[in-house]
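This is what each chain is made of:
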Amino acid sequence: MSNLKYSYQTNMWGLMVQYPKLNNWNEWYQKDFSNAVYYLDWDQILKYHVGAGFKGIELMFHMEPYIDQFFGHAKNFSDFAKERGIEEVTGTFAIAFNSQDKSMHESALKSLQGIIDFTANLGGKRINIMPAGGYYGLGPLSKDQVTAAASFMNEFGKRCSEKDIIPCVHTEFWGSINKNELYSYIEQLDQRYVGFCLDTAQVLIMGYDPVKFYDDYHEFVKYFHLKDTTFAYAPDELRLKAGAEFQDGGDRWFWELGSGQVDFVGLWKLLKKHRYKGWIGLETDGTPDPMATMLLSKYYINHVLSPIYE
Amino acid sequence: MMKFGCSLELINMRTSGPNFIIKQSKLYWVEMFKLVAAAGFKGIELPYNPFSSDPMAFEIGRCGVPISAFAVNAKYGSPKEFMAFLNEVGIEEVTGVHINANDVMLEIIASGQDMSVYFNLFEKMGMEAIDFLCSLGSKVLVVSPTPEIGWLERMVNGDLNGEFAAKTTELLKKLVAAAKEKGISTAIKNEYWSLMRGKAAADLLNQVEGALFSPDLAHIQITGDDPVMVINAHKHQLANVRFSDTDFTDEVGNYKKINAEIPVQGNQKVFSDLGEGSVDLLGVAKVLKDNGYDGWIICESKKTLNIHRALLKMRWFIDHEIVNKLGGDK
């Protein structure tokens, strides 16, 4: 039996998937006659994941209200997904806004309670979470602000643990916990309650080798967002400006596995060395063709990485 | 002489599809403005949403969409530079900005506040939009006056048609006055899911002195009214007439539900590309021409599955099915 099970973040399909299920395909296809109709509902999108061999999915925080509104309850969504072959909603994604400001902790924790409940209701076990807001307009954070952000995450982790969930810190190359703050921030985390989601491209763009990071922190890394990039070690002026995640010129930050500079072969050797077991997530936000990217990534896993460790 | 502009709400950010991500880059919008101009639309109407607690609004507000003063400053330098850019690519005017009370509701829900802050937030959004209009040299504030009935029934205690409606009227009066002081007109837009639908919209217009009417033709038809009759009834108080189209029949009372524009039961496609639905657009255009309407007609193919094609189809439709059939006089 395989040690690794693959999940995929659903954010590559759109900011939201509008419909649970289309009732009449032709209502959309007639007059349009394009492939747009294939991407409008969860019913089809979930089947693509399962068909490609990804039995787990993740949801973004901005999908939460719509899941609740369209399915009535998060559990109904999980049931809907399971009927189509998804084994688990492996996690959600959130942002710890205002974590750097102690005076805002109470209200910030209150706002994040929703994602804890949502994740628990989905049956998820982890919340991948950006440790503070974006760098633009907020950074650079002072030492005290970094400490406050870590303290916030520890408290959030305790609250998550009550529902058997672990928050996994997910750093972004454009976040205010950035290259200069990362290690100091990690040192102040209580690893009993907080883990790390190693986003291979985000870490490499920020300025660190994700393979070495995993070797150094393999106990702390509880989850992955595997994705590739061609912007390793990006300069500050690209990473820290307004809206940096969306390049003004339309260039892609993120690519399917094996198309960029991340050393996935090296990472897989370490997964084997450290005997990583369980869910491993992919996230390829930014692709112009989610279906192609999902299949190319799975091909790379099957043919290049699985022979090393699976 | 009628002028045909284009609503940027043509571009649906709240959906999924191949290459949706490009819509979040400035490049997409820079190119889109060029394509809008290339399709012959010299005026554009912008949606305006200053909020960021609602996660969808947060996502949209941090990329290249000129959705707020903050977004324009962050991505285009300043309103002045934004207008200079628009003029350079061939767009002469921002015909107006559209604020939607439903965005206030989504902000309240997302931020965990209660409805006690609703009217303050709505007013704040309106005042900010008026300042934004001034900064762009634009002249019309288009207002969707209430959130969806579905949200109101869930969130508001008491009689919606009593205190809530009265406060809405008072707020609109305030916005009309504040806008007027700065040389801006306020036009109330109708939606089939609004508390102010059908006759209620007409009553509201009577109560808010100085307010104009920005009729959305598809919404009028879905409500069950005849767009030609409604436009005729309000022919002397029109601004930014929205040419939109539909074939949708609300068979399951979707107008009372949350996310009314995304039906789960029955028919699901609410809007048609302009000219492909059953709204009598030529009939409305005749009323406008006969009454000497000289304001903007804002064209929209809401939720189109192919934005670029929709732009060209709208231009063809306006030229061949409206202007030519009216005798060639734009």
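How each quantity is defined
- Residues numbered from 1 in each chain as written.
- Chains lettered and ligands numbered in written order.
- Predicted model: local features only at pLDDT ≥ 70, side-chain atom pairs only at ≥ 80, totals over all residues.
- Helix = DSSP H or I, 4+ residues; strand = E, 2+ residues; numbered from the N terminus.
- Rg over C-alpha atoms; globule rule 2.2 N^0.38 Å.
- Buried ≥ 20, exposed ≤ 12 C-beta atoms within 10 Å, placed from the backbone.
- Contact = placed C-beta atoms within 7 Å.
- UniProt positions renumbered as here; feature names shortened; annotations may be inferred.
- Pairing = 2+ DSSP bridges.
- Axes fitted to C-alpha atoms, helices over the stretch in contact; angles between N-to-C directions.
- Parallel < 35°, antiparallel > 145°, perpendicular 65-115°, else oblique.
- Nonpolar A, V, L, I, M, F, W, Y, C, P; charged D, E, K, R; others polar.
- Left-handed = near helix turned anticlockwise from the far one by under 90°.
- Right-handed = clockwise from strand over helix to strand, strands pointing away.
- Core = buried A, V, L, I, M, F, W, Y, C linked by C-beta atoms within 7 Å.
- Arc of directions from axis to C-beta.

**Q** Would you take a moment to explain the overall build of chain B for this structure?
**A** Scanning chain B from terminus to terminus reveals 13 helices and eight strands. The C-alpha radius of gyration computed for chain B amounts to 19 Å, which stays within 12% of the reference 20 Å derived for 330 residues, consistent with globular compactness. Taken along its principal axes, the extent of the C-alpha atoms in chain B is 50 × 45 × 45 Å. The burial tally for chain B puts 57% of its 330 residues in the buried class. When contacts within chain B are restricted to residue pairs at least 6 apart in sequence, those whose partners lie at least 24 apart make up 80%.

**Q** Can you walk me through the UniProt feature "domain: Xylose isomerase-like TIM barrel" (unreviewed entry) in chain A in this structure?
**A** The residues that UniProt annotates with the feature "domain: Xylose isomerase-like TIM barrel" (unreviewed entry) are residues 52-286 of chain A. Spanning residues 52-286 of chain A, this segment combines 38% helix with 18% strand, and its end C-alpha atoms are found 19 Å apart.

**Q** Before we go on, may I ask you to explain the sheet that holds strand E1 (residues 3-7) of chain B in this structure?
**A** Note: strands within a sheet are paired through backbone hydrogen bonds, in either parallel or antiparallel orientation. Residue and element names in this part refer to chain B. Strand order in the open sheet made by the eight strands is E6-E5-E4-E3-E2-E1-E8-E7, with parallel pairing throughout. Because the sheet does not close on itself, it has two edges, and the strands there are strand E6 (212-214) and strand E7 (241-243). In this sheet, neighbouring strand axes are inclined to one another by 30° on average, regardless of whether the strands run parallel or antiparallel. Inspection of the sheet shows strand E4 (residues 140-144) paired to strand E5 (residues 185-189) by four bridges, in the parallel sense. Residue pairing across strands places Val 140 opposite Ser 185, the latter belonging to E5. Contacts from helix H8 (residues 160-181) reach E4 and E5 within the one sheet, and its direction differs from that of E5 by about 145°.

**Q** Before we go on, may I ask you to explain the packing of helix H3 (residues 64-71) of chain A against helix H4 (residues 74-83) of chain A in this structure?
**A** Two quantities define a packed helix pair, namely the angle between the helix axes and the distance between the axes. All names here are of chain A. The N-to-C vectors of H3 and H4 enclose an angle of 80°; their axes lie 8 Å apart at closest approach. Considering the angle they form, H3 stands roughly perpendicular to H4. Where H3 approaches H4, its residues Ile 67, Asp 68 and Phe 71 are matched on the opposing element by Ala 74, Asn 76, Phe 77 and Phe 80. A class-by-class count of the residues in the contact of H3 with H4 yields five nonpolar, one polar and one charged.

**Q** Looking at this model, I keep getting lost on unusual backbone geometry. Mind explaining?
**A** Most peptide bonds take the trans configuration, and most residues that are not glycine carry a negative phi. Cis geometry marks the peptide bond from Gly 139 of chain A to Pro 140 of chain A; its omega dihedral reads -5°. Unusually for a residue other than glycine, Asn 98 of chain A sits at a positive phi of about 65°. With respect to the element layout, Asn 98 of chain A can be found in the loop between strand E3 (88-95) and helix H5 (105-122). Phi at Asn 19 of chain B is positive, roughly 60°, even though this residue is not glycine. Relative to the elements of secondary structure, Asn 19 of chain B occurs in the loop between E1 and helix H1 (26-38).

**Q** Explain the interface of chain A and chain B to me, please; I cannot follow it from the model alone.
**A** Interface size is often expressed as the accessible area that is lost when the parts come together. Taken together, the 36 residues of chain A in the interface contact 35 residues of chain B. Those elements giving two or more residues to the side of chain A that touches chain B turn out to be helix H1 (25-29), H3 and H5 of chain A. Across the side of chain A that touches chain B, the residue classes tally to 17 nonpolar, twelve polar and seven charged.

**Q** What's the story with the packing of helix H5 (residues 101-111) of chain B against helix H6 (residues 118-136) of chain B in this structure? I'm lost.
**A** Residue and element names in this part refer to chain B. At a minimum axis distance of 10 Å, the contact between H5 and H6 shows a crossing angle of 125°. Judged on the interaxial angle alone, H6 and H5 are oblique. Crossing hand, H5 versus H6: right-handed. For the pair H5 and H6, the contacting residues are Ala 101, Val 104, Glu 107 and Ile 108 in the first and Tyr 118, Leu 121, Phe 122 and Met 125 in the second.

**Q** Would you mind going over the UniProt feature "domain: Xylose isomerase-like TIM barrel" (unreviewed entry) in chain B with me for this structure?
**A** In the numbering used here, UniProt assigns the "domain: Xylose isomerase-like TIM barrel" (unreviewed entry) feature to residues 33-303 of chain B. Regarding residues 33-303 of chain B, the helix share stands at 46% and the strand share at 12%, and the terminal C-alpha atoms are separated by 18 Å.

**Q** Any chance you could explain the pairing of strand E4 (residues 126-130) of chain A here in plain terms?
**A** In regular strands, side chains alternate between the two faces of the sheet. Residue and element names in this part refer to chain A. Within E4, five of the five residues are buried, which leaves the element mostly enclosed by the surrounding structure. Alternating positions in E4 separate into two faces, Arg 126, Asn 128 and Met 130 on one and Ile 127 and Ile 129 on the other, with burial throughout. For the segment spanning E3, H5 and E4, crossover handedness is right-handed. Judged from the four bridges that link them, E4 and strand E5 (residues 166-169) form a sheet pairing that is parallel. Across the sheet, residue Asn 128 finds its bridge partner in E5, namely Cys 168. Following the backbone out of E4, through helix H6 (residues 143-161) and into the adjacent parallel E5, one traces a crossover that is right-handed.

**Q** Would you mind showing me how to read the nonpolar core here?
**A** The tendency in soluble globular proteins is for nonpolar side chains to be buried as a group. Ranked by internal contacts, the top residues of the largest apolar core, which has 205 residues, are Ala 96 of chain A together with Leu 141 of chain B. The element that contributes the greatest number of residues to this core is H6 of chain B, accounting for nine residues. Contacts of Leu 141 of chain B, omitting those with residues within four sequence positions, involve Gly 96, Val 97, Ala 129, Ile 130, Leu 133, Leu 175, Ala 179, Ile 184 and Thr 186 of chain B.

**Q** Is there a simple way to explain the sheet that holds strand E6 (residues 195-199) of chain A in this structure?
**A** Residue and element names in this part refer to chain A. Ordered by their spatial adjacency, eight strands build a closed barrel running E1-E2-E3-E4-E5-E6-E7-E10, and the pairing between neighbours is parallel. Strand-to-strand twist of the sheet, defined as the mean angle between neighbouring strand axes without regard to direction, takes the value 30°. As defined by bridge partners, strand E1 (residues 4-9) adjoins strand E10 (residues 278-282) across five bridges and the pair is classed as parallel. By the bridge assignment, Tyr 6 is partnered in E10 with Ile 280.

**Q** I would appreciate a short explanation of helix H11 (residues 264-273) of chain A in the present structure.
**A** Structurally, the α-helix is built with 3.6 residues per turn, so residues lying three or four positions apart point the same way. Residue and element names in this part refer to chain A. Within H11, the full set of buried residues consists of Phe 264, Leu 267, Trp 268 and Leu 271. Looking straight down H11, one finds that the buried residues subtend no more than 100° of arc, so they occupy a single side. Those residues of H11 that are exposed and aimed more than 90 degrees away from the buried face are Val 265 and Lys 273. Contacts from the buried residues of H11 go to helix H8 (200-206), helix H9 (210-217) and helix H12 (290-305). Downstream of H11 by one or two residues, Arg 275 has phi in the positive range, about 55°.

**Q** I'm lost on the pairing of E3 of chain A in this one. Help?
**A** Residues and elements named next belong to chain A. Within E3, seven of the eight residues are buried, which leaves the element mostly enclosed by the surrounding structure. As judged from the five bridges shared by strand E2 (residues 56-60) and E3, these two strands associate in the parallel manner. Of the residues in E3, the one forming a bridge with Leu 59 is Thr 92. Across four bridges, the pairing between E3 and E4 is parallel.

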